[in-house]
Amino acid sequence: MYMDNFFGKVLIVFFILIILLAVSSSALAEQPIIWVPLKDIPDVGAVEWGLASFVKRALEEAQRRDAQAVIFEIDTFGGRVDAMLFIKDLIFKAPIKTVAFVNSKAWSAGVFIALSCEKIFITPDGSIGASEPRSGQEDVEKPDPKTVSAIRAQIEALAQARERDPTIFAAMVDRNVEIEGLKEKGALLTLPAYLALQHKAVDGIARTQKEVLEQLGFDGPLISLTPSWSELLARFLTHPAIVPLLLLLAFGGIFLEIMTPGFGIPGAVGITATALFFGGRYVAGLSGWEPLILFIAGITLLAIEILVIPGFGIVGVSGIVALVMSLYLVLRTTRILFRGTVILEMLLYLAIMGVIFLVGLFFLPKNPIWSRLGLQEKVSPPEKNQETSPYRALLGQVGTAKTILRPAGVIEIDGKSYDAISRGEFIRAGEKVVVDEVRGNKIIVIRKKED
């Protein structure tokens, strides 16, 4: 009787274990695999901040769904160093299994993204390598040695952490690394699929998505993510070739609008370009609204200084400072290693702003700034003839300019001060003047010629 009870209890426990295993297997099978394509946009974008935003969202989505793994399908020529390092950190620190599938090529920044994953697969015709960093400013044959050293240390540490040969990946970054029988000094290493597998730079060769899943032994629903429209827009707007164009349109449109009466096409173009420039960075997660607020404040202060306040003082200087700070906050987040490039870009954009202002000033002679600076002759209709003017006795007399006349100012004749205007010429304080005409209450003077 006792033995029957014992075997009965064992049988019950056995069935319970079977049920638990079945439930856990079913739950695991329901855990999805997230497939994330990381590919270049033809003729537009590669690895940049819009792509970084997409990777971040994909990893958050995988954690929310309790996914088995995230598989990144990589096909890229490379891209920005700063965005690459950001993506690398996201993938390497992700609390979920990550896999890279190099579907054709993982060059430059693509090497870091692939190496960040726990497993790497590659197509038979694929290749991986050529990851030398470039700032876009140095000579092609002479990359910045400090940057190369920093990126080499990063990739060696990453390879070590993923239990791969650090020397192989260092040779993809640094031309000075030499590997006997594989790479000579002075060249960059790029491995085709069969050599990458032979040197354990990858874990396997797969032709299709199905083969990747089979080799990994994954079984469950497959969810393919695609970039949202805002992420695609951010990829376009943060592209290095698009940024200068947007800033040129922003500066040009706004300054031309300030120089012309009313509101027209230049103002609309300037506001739109400004919104796209800062909005793209906000969507990509590069910055908040602080740079945009500083940019608007800088333009407003400069407009007040130019159109309202005479001369150029603290308001104008504050406007320039606000613009510089705005550009720095935008550019510093996208140039982690190349600090000198940030300064050069800031100077370039400020120079563009100055050129636009000067071109607009001299090619739009009827703008209010031209008149305010006294660069245009002011012609007033005759109010009264010289015979009825209270200043007719001053006609032909010689005086001294007490202030600058451009064209309005103050002169002094026989110890008395009078408001006067020149005939459009610029007369410095202290220069001798002659009363050339009196018109009602106006005294019109010219510079006295030397004897």
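The text that follows walks through the structure, step by step, so that each part is easy to find. (Residues numbered from 1 in each chain as written. Predicted model: local features only at pLDDT ≥ 70, side-chain atom pairs only at ≥ 80, totals over all residues. Heavy atoms only, no water.)

1. Digging into the overall build of the protein
Point 1. Counting its secondary structure elements, the protein contains 15 helices and 13 strands.
Point 2. Burial analysis of the protein (451 residues in total) assigns 43% to the buried set.
Point 3. Counting only contacts in the protein whose residues sit at least 6 apart along the sequence, the fraction spanning at least 24 positions is 62%. (Helix = DSSP H or I, 4+ residues; strand = E, 2+ residues; numbered from the N terminus. Buried < 20%, exposed > 50% of the residue type's maximum accessible area, 1.4 Å probe, protein only. Contact = heavy atoms within 4.5 Å.)

2. Structural notes on helix α4 (residues 109-116)
Point 1. Most of α4 sits inside the fold, with eight of its eight residues counted as buried.
Point 2. Those residues of α4 not exposed but buried are Ala109, Gly110, Val111, Phe112, Ile113, Ala114, Leu115 and Ser116.

3. Examining the packing of helix α3 (residues 81-92) against α4
When two helices pack together, you describe them by how their axes are tilted relative to each other and by the distance separating the axes.
Point 1. As a packed pair, α3 and α4 sit with axes 8 Å apart at the nearest point and diverge in direction by 10°. If you check the angle between α3 and α4, you find them roughly parallel. For the pair formed by α3 and α4, the contact residues are Met84, Leu85, Ile87, Lys88, Ile91 and Phe92 on the first element and Ala109, Phe112, Ile113 and Ser116 on the second.
Point 2. Considered class by class, the residues forming the contact of α3 with α4 number eight nonpolar, one polar and one charged. (Axes fitted to C-alpha atoms, helices over the stretch in contact; angles between N-to-C directions. Parallel < 35°, antiparallel > 145°, perpendicular 65-115°, else oblique. Nonpolar A, V, L, I, M, F, W, Y, C, P; charged D, E, K, R; others polar.)

4. Here we look at the environment of Phe295
Point 1. Within the secondary structure layout, Phe295 lies in helix α12 (residues 290-307).
Point 2. A relative accessible area of 1% means that Phe295 is categorised as buried.
Point 3. Taking C-alpha positions, Phe295 is 9.0 Å from Thr274, a pair spaced 21 residues apart along the chain.
Point 4. In this structure Phe295 touches Phe251, Ile254, Thr274, Phe278, Leu323 and Ser326, once residues within four positions along its chain are discounted.

5. A few points about the side chain of Arg439
Point 1. In this structure, Arg439 sits in strand β12 (residues 432-439).
Point 2. Accessibility expressed as a relative area gives 15% for Arg439, which makes it buried.
Point 3. In terms of polar contacts, Arg439 uses its side chain to reach the side chain of Glu437, at 3.0 Å. (Polar contact = N/O pair within 3.5 Å; in protein donor to acceptor, adjacent residues only side chain to side chain.)

6. Observations concerning the packing of α3 against helix α5 (residues 145-161)
Point 1. In the contact formed by α3 and α5, the axes pass within 13 Å of each other and the chain directions differ by 20°. By the criterion of interaxial angle, the relationship of α3 to α5 is roughly parallel. For the pair α3 and α5, the sense of crossing is left-handed. On α5, the residues touching Val81, Met84, Leu85, Lys88 and Phe92 of α3 are Ile151, Gln154, Leu158 and Ala161.
Point 2. Residue classes in the contact of α3 with α5 are distributed as seven nonpolar, one polar and one charged. (Left-handed = near helix turned anticlockwise from the far one by under 90°.)

7. Some thoughts on the nonpolar core
One broad trend across soluble globular proteins is that nonpolar side chains are buried collectively.
Point 1. Core analysis: the largest hydrophobic core is formed by 58 residues, its most contacted members being Val36, Phe72, Phe169 and Leu191.
Point 2. Of all the elements, helix α2 (residues 49-64) adds the most residues to this core, at eight residues.
Point 3. Leaving out residues up to four positions away in the same chain, Leu191 has contacts with Gly126, Ser127, Ile128, Ile168, Met172, Leu182, Ala196 and Ala201.
Point 4. Core analysis: the next-biggest nonpolar cluster, separate from the first, contains 16 residues, Leu292, Phe295, Leu302 and Leu327 among them. (Core = buried A, V, L, I, M, F, W, Y, C linked by side-chain atoms within 4.5 Å.)

8. Details of the pairing of strand β1 (residues 33-39)
Point 1. With five of seven residues buried, β1 lies mostly within the body of the structure.
Point 2. Relative to strand β8 (residues 222-224), β1 is paired through three bridges, and the arrangement is parallel. Within the sheet, the bridge partner assigned to Trp35 lies in β8 and is Ser224.
Point 3. As judged from the seven bridges shared by β1 and strand β2 (residues 69-76), these two strands associate in the parallel manner. Following the sheet pairing, Ile34 is matched in β2 by Val70. (Pairing = 2+ DSSP bridges.)

9. A short note on the sheet that holds strand β13 (residues 442-447)
Point 1. As summarised here, the arrangement of the five strands in space is β9-β10-β11-β13-β12, forming a closed barrel in which the pairing is mixed. Neighbouring strand axes in the sheet, compared pairwise and without regard to direction, differ in orientation by 55° on average.
Point 2. In this structure, strand β9 (residues 398-401) lies alongside strand β10 (residues 408-413), joined through two bridges in antiparallel fashion. Considered in β10, the bridge of Ala401 is made with Ile411.

10. Focus on the packing of aromatic side chains
Point 1. For the structure shown, the criterion picks out three aromatic pairs.
Point 2. Relative to Trp107, the ring of Phe77 has its centre 5.3 Å away and its plane inclined at 65°; by these criteria the two rings are edge-to-face. Within this pair, whereas Phe77 is found in the loop between β2 and α3, its partner Trp107 is found in strand β3 (residues 97-107), the two being separated by 30 residues in sequence.
Point 3. Over the ring of Phe77 we find Lys105, and its NZ or CZ is 4.6 Å from the ring centre. (Phe/Tyr/Trp six-rings, centres within 6.5 Å; stacked < 30°, edge-to-face > 60°. Lys NZ or Arg CZ within 6 Å of the ring centre and 35° of its normal.)

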